[in-house]
Amino acid sequence: MAILKIARMGHPVLLTKAQPVADVAAPEIRRLLEDMAKTLEDAGGVGLAAPQVFCAKRLFIYHVPASRAEGGQAVPLTAVFNPVVTSLDDEKVLGWEGCLSIPGLRAAVPRFRRIRLTGLDGAGAPIDAELSDFEARVVQHEADHLDGVMYPMRMEDFRYFGFNEEADRFPMPLPEEL
Ligand code: NI
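One numbering rule holds for all chains: residues counted from 1, following each sequence as written. Where local features are concerned, this predicted model is filtered to residues with pLDDT of at least 70; where side-chain atom pairs are given and counted, the filter is 80 or more; whole-chain, interface and lining totals use all residues. The basis for every side-chain value is the complete set of heavy atoms in the structure, and neither hydrogens nor water enter the calculation.

Engineer: For this particular structure, what's the right way to read the sheet that holds strand β8 (residues 161-163)?
Structural biologist: To summarise the sheet geometry, strands pair through backbone hydrogen bonds and adopt either a parallel or an antiparallel arrangement. Between any two strands, pairing holds if DSSP finds at least two bridges. Strands are runs of DSSP state E lasting at least two residues, helices are runs of H or I lasting at least four, and both sets are numbered from the N terminus onward. Within the open sheet, the three strands sit side by side as β4-β5-β8. Their pairing is antiparallel. Strands with a single pairing partner mark the edges of an open sheet, and in this sheet they are β4 (92-97) and β8. Sheet twist, expressed as the mean angle between neighbouring strand axes with direction ignored, is 25 degrees. Across six bridges, β4 lies against strand β5 (residues 105-112) in antiparallel orientation. Pairing of Lys-92 across the sheet is with Phe-112, part of β5. We call two residues contacting when some pair of their heavy atoms lies within 4.5 Å. The axes are straight lines fitted to the C-alpha atoms, using for helices just the contacting stretch, and the angles between their N-to-C directions are given from 0 to 180°. Across the sheet, helix α2 (residues 133-145) lies against β4 and β5, angled at about 100 degrees from β5, the strand it touches most.

In structure tokens:
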């Protein structure tokens, strides 16, 4: 296993549309998945998409640690291939997001509160899940990476965009209503 370099915003790989993974069991895909898990563990984020490690394939991994579960369930490290995300209704919520490709910064980004996620899991079995709140946010963020979309492209109010150190010093409450 290897820790991979993470592409930073400005690199064109982060703006490309990734290609579907044809064979989840292919040795190079298994190796990529292991390396991505190692890279995410080392970097300390909650999600990582293949384009962030310079591989334009439709694959991401994510987890929800107990500390971020917001009263819901923690989610162990999960791989998703060829994801399709659809909103279950029109409700959007603002929440803070960071990205390993935009180090040191965070922003409040509107996301659908409830989504349906389909695709294949790490073993190639079908996923069909309804997700909400933080897990839904993480999945929308990671799925966006597969379409070349970075979180600033989803922002509506740039007052809620800043460096982590300053945001920690001057916490900004988020509006309840969008
Ligand atoms: Ni990201």
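Anyway, onward from the coordinates.
Engineer: Looking at this structure, I do not really get helix α1 (residues 27-43). What am I missing?
Structural biologist: Residues lying three or four places apart along an α-helix face the same way, a consequence of the helix completing one turn every 3.6 residues. Given the number of residues in a helix, its expected span is that number minus one, multiplied by 1.5 Å. Counted at 1.5 Å a residue, the expected span for α1 with its 17 residues is 24 Å, and the 24 Å between its end C-alpha atoms agrees. A simple rule labels every residue: compare its accessible area, found with a 1.4 Å probe on the protein chains alone, to the largest value its type can have, and call it buried under 20%, exposed over 50%, or partly exposed in between. Buried within α1 we find Ile-29, Leu-32, Leu-33, Asp-35, Met-36, Thr-39 and Leu-40. Buried residues belonging to α1 abut β1 (47-49), β2 (59-64) and β3 (75-87). Looking one or two residues past α1, Gly-44 carries a phi angle of roughly 85 degrees, positive in sign.

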